[in-house]
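Listed below are the residues making up each chain.
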Amino acid sequence: MKFVDEYRDAHLGQVLAGEILATVEPGRHYKVMEVCGGHTHSIYKYGIDDLLPANVELVHGPGCPVCVIPMGRVDDGIAIAHEPGVIFTCFGDMLRVPGSRGTLLEAKAAGADVRMVYSPLDALRIAKQNPDREVVFFAIGFETTAPSTALTLMRAKAEGIRNFTCFCNHVTIVPPLKALLESPDLRLDGFIGPGHVSTVVGARPFEFIPADYGKPIVISGFEPLDLLQSVYMILLQLREERCQVENQYKRVVPYDGNPQALRVLAEVFELRPHFEWRGLGFISHSGLKLNDGFADYDAELRFPVPGIRVADPKACQCGEVLKGVIRPWECKVFGTACTPERPIGTCMVSSEGACAAYYNFGRFAREREVV
Amino acid sequence: MTDPLAIVCDHEHGCITCGDEAMAMRVVRVDEARALALCEAEGGERSSVEIGLVDPVTPGDRVLVHAGTALQLLELAG
Ligand code: SF4
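Since this is a predicted model, take the numbers as computed values, not measurements. (Residues numbered from 1 in each chain as written. Chains lettered and ligands numbered in written order. Predicted model: local features only at pLDDT ≥ 70, side-chain atom pairs only at ≥ 80, totals over all residues. Heavy atoms only, no water.)

For chain B, the helix and strand inventory stands at zero helices and five strands. When its helices and strands are written in sequence order, chain B yields β-β-β-β-β. Every one of the 78 residues in chain B was classed for burial, and the buried ones make up 45%. Within chain B, contacts between residues at least 6 apart in sequence are counted, and of these 29% link residues at least 24 apart. About 4000 Å² of surface is accessible on chain B, with carbon and sulfur atoms providing 53% of the total. (Helix = DSSP H or I, 4+ residues; strand = E, 2+ residues; numbered from the N terminus. Buried < 20%, exposed > 50% of the residue type's maximum accessible area, 1.4 Å probe, protein only. Contact = heavy atoms within 4.5 Å. Areas by Shrake-Rupley, 256 points an atom, 1.4 Å probe, with all protein chains shown as cover.)

Regarding its fold elements, chain A presents 16 helices and 13 strands. The buried share of chain A, taken over its 371 residues, is 63%. Nonlocal contacts in chain A, meaning residues at least 24 apart in sequence, comprise 77% of its contacts between residues at least 6 apart. Here chain A has roughly 14000 Å² of accessible surface; of this, 53% comes from carbon and sulfur atoms. Taking the average location of the 38 positive side-chain charges in chain A and that of its 45 negative ones, the two points are 3 Å from each other. (Lys, Arg positive; Asp, Glu negative; His and termini not counted. Charge placed at Lys NZ, Arg CZ, Asp CG, Glu CD.)

Time to look at the site of the ligand. As a matter of local geometry, the ligand sits amid Cys316, Gln317, Cys318, Val321, Cys331, Val333, Phe334, Cys338, Gly345, Cys347, Met348 and Cys355 of chain A. Residues of the shell around the ligand, tallied by class, amount to ten nonpolar, two polar and no charged. (Near = heavy atom within 4 Å. Nonpolar A, V, L, I, M, F, W, Y, C, P; charged D, E, K, R; others polar.)

All names here are of chain A. Compared with an ideal rise of 1.5 Å per residue, which puts 13 residues at 18 Å, helix α8 (residues 146-158) spans 18 Å between its outermost C-alpha atoms and is within 8% of the ideal. Taken as a whole, α8 has its buried residues at Ala146, Pro147, Ser148, Thr149, Ala150, Leu151, Thr152, Leu153, Arg155 and Ala156. Of the residues flanking the end of α8, it is Gly160, one or two places downstream, whose phi is positive at about 65°. (Expected span 1.5 Å × (residues − 1).)

Right, let's talk about the packing of aromatic side chains for a bit. Residue and element names in this part refer to chain A. Taken as a whole, this structure holds eleven aromatic pairs over all chains when the rule is applied. Consider the rings of Phe142 and Trp277, whose centres lie 6.0 Å apart with planes at 50°: the pair is tilted. Remark: Trp277 occurs in strand β11 (residues 274-277) and Phe142 occurs in the loop between β5 (134-141) and α8; sequence separation between them is 135 residues. Taken individually, Phe142 and Trp277 each receive the classification buried, so the pair is uniform in this respect. Ring centres of Trp329 and Tyr358 lie 4.6 Å apart, and the angle between their planes is 35°; this geometry places the pair in the tilted category. You can see Trp329 sitting in the loop between α15 (318-322) and α16 (354-370) and its partner Tyr358 sitting in helix α16, a full 29 residues away along the chain. Counting every residue linked through ring pairs, the aromatic cluster contains Tyr44, Trp329, Phe334, Tyr358 and Tyr359. Sitting above the plane of the Phe294 ring, Lys157 keeps its charged end 4.4 Å from the centroid. Positioned over the ring face of Phe208 is Lys178, at 4.7 Å from the centre of the ring. (Phe/Tyr/Trp six-rings, centres within 6.5 Å; stacked < 30°, edge-to-face > 60°. Lys NZ or Arg CZ within 6 Å of the ring centre and 35° of its normal.)

Residues and elements named next belong to chain B. Locating Pro56 in the fold gives a position in the loop between β3 (46-50) and β4 (62-66). Judged by its relative accessible area of 78%, Pro56 is exposed. Counting along the chain gives 22 residues from Pro56 to Arg34, while the straight-line C-alpha distance between them is 13 Å.

Next up on the list: the packing of α8 of chain A against helix α13 (residues 259-268) of chain A. Residue and element names in this part refer to chain A. The geometry of α8 relative to α13 is characterised by a closest axis approach of 9 Å and an angle of 60° between their N-to-C directions. Taken together, the axis directions place α8 and α13 in an arrangement best described as oblique. At the point where α8 passes α13, the crossing takes the left-handed sense. Contacts between α8 and α13 involve Ala146, Pro147, Ala150, Leu151, Leu153 and Met154 from the former and Ala261, Val264, Leu265, Glu267 and Val268 from the latter. (Axes fitted to C-alpha atoms, helices over the stretch in contact; angles between N-to-C directions. Parallel < 35°, antiparallel > 145°, perpendicular 65-115°, else oblique. Left-handed = near helix turned anticlockwise from the far one by under 90°.)

All names here are of chain A. All told, the structure shown has 24 salt bridges over all chains when counted by the stated rule. Here Asp113 and Arg115 are joined by a salt bridge, their closest N and O atoms 3.0 Å apart. Looking at Asp113, the relative accessible area reads 22%, which means it is partly exposed. The partner of Asp122 in a salt bridge is Arg125, and the shortest N-O contact between them spans 3.0 Å. (Salt bridge = Lys/Arg side-chain N within 4 Å of Asp/Glu carboxyl O.)

All names here are of chain A. With respect to the helices and strands, Ser350 occurs in the loop between α15 and α16. The class of Ser350 is buried, set by a relative accessible area of 0%. For the pair Ser350 and Glu57, spaced 293 residues apart in sequence, the C-alpha to C-alpha distance is 22 Å.

Residue and element names in this part refer to chain A. With parallel pairing, five strands are arranged side by side in an open sheet as β2-β1-β7-β8-β9. This sheet does not close on itself; its edge strands, each paired only once, are β2 (56-63) and β9 (245-247). Neighbour to neighbour, the strand axes of the sheet diverge by 25° on average, direction disregarded. Together, β1 (30-36), β2, β7 (190-193), β8 (217-219) and β9 form the strand contacts of helix α12 (residues 224-239), whose direction differs from that of β8 by roughly 155°. (Pairing = 2+ DSSP bridges.)

Spelled out as structure tokens, the structure:
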């Protein structure tokens, strides 16, 4: 497939790696954060790290929606799943995210009707097929996923479907970035901006990063050459002492995003005053809830939700990983007590999570480093 | 019964949940009245996709799909 192959050309990769090497100042250490979990996944899958000079470090940010769901919200989901008559639907990775008393998968084993779906539309279909049951959709994700939930809710409303509700955990990308930039233990030189979130929101919302914090950001695609080129564009900005929003992923991302998608988001959701992020704590205006027009479809209003805040397990250092303060393997339980099969922290659950990505693809590289 | 663990997204292809994972699919059939299209992935799997957020599509078009919704019409260079 041409569209993809031309972004995986090994020779071009080497050429770009050479240009990157020629751009960095020796003796300076560069820390670049990729915000998005999809990028983390690609970086490990294709070994992008290995192509970069030793003084260019990629740090993994909070862009995996599974990784940022706090334990208390998982517990709330499980409580709803155990309500009589409920069919609880969610994306696959969410099944294995540990709450304080187990996972949704374990709730399923204990008798709750928990089903995996690929889209909110699938969940709505289940509701139509089971008119005598209450179908709840566990909505998670950034602005990429939220329009899909919004459209499904609009559809449910238009069709008058009453047995469908949404347990909304959608989050927005800008507030956590602001929180990261404000955090004192963080030293970053630039950002690889999220590719697909930006198809919805565009590149414009990231302008505050250069304007207020003086750091470059390059919106990037997901293929190996996309990522290498984006790293190069960031390093070039740094060398030329520029800082701006650049769009490497122009073939997909319009600068202003997708106006129809933004319109449906505004029609269905409103910002929560604050929302808790795993490891990052409460961040104001960072989560979405259904607005009054869709109150009938809000699972938090239809079912009792414990809403108890649960501290992350002591051994877990996901917060530091999400902030890029430590690398995944520096967590004390990485690969021992915490593995993708038996995760302690959320970063180990989804393949987009920094720990799981590193565990699956990076572990051999690390072993090489050690010997 | 299928092993529930087996239905979890695999690490080779990434995670459907992910905020930023999206897939290029080809439009096979369009149901304009319901704003849905039958789309086909590279591997041949078909699914119905919401097309309300993109400009009108016709069979053969390629769209970027995330969580069952087309987010962008893909212009193929070359
Ligand atoms: S190894 Fe596990 S507990 Fe440690 S940061 Fe990663 S996911 Fe969290």
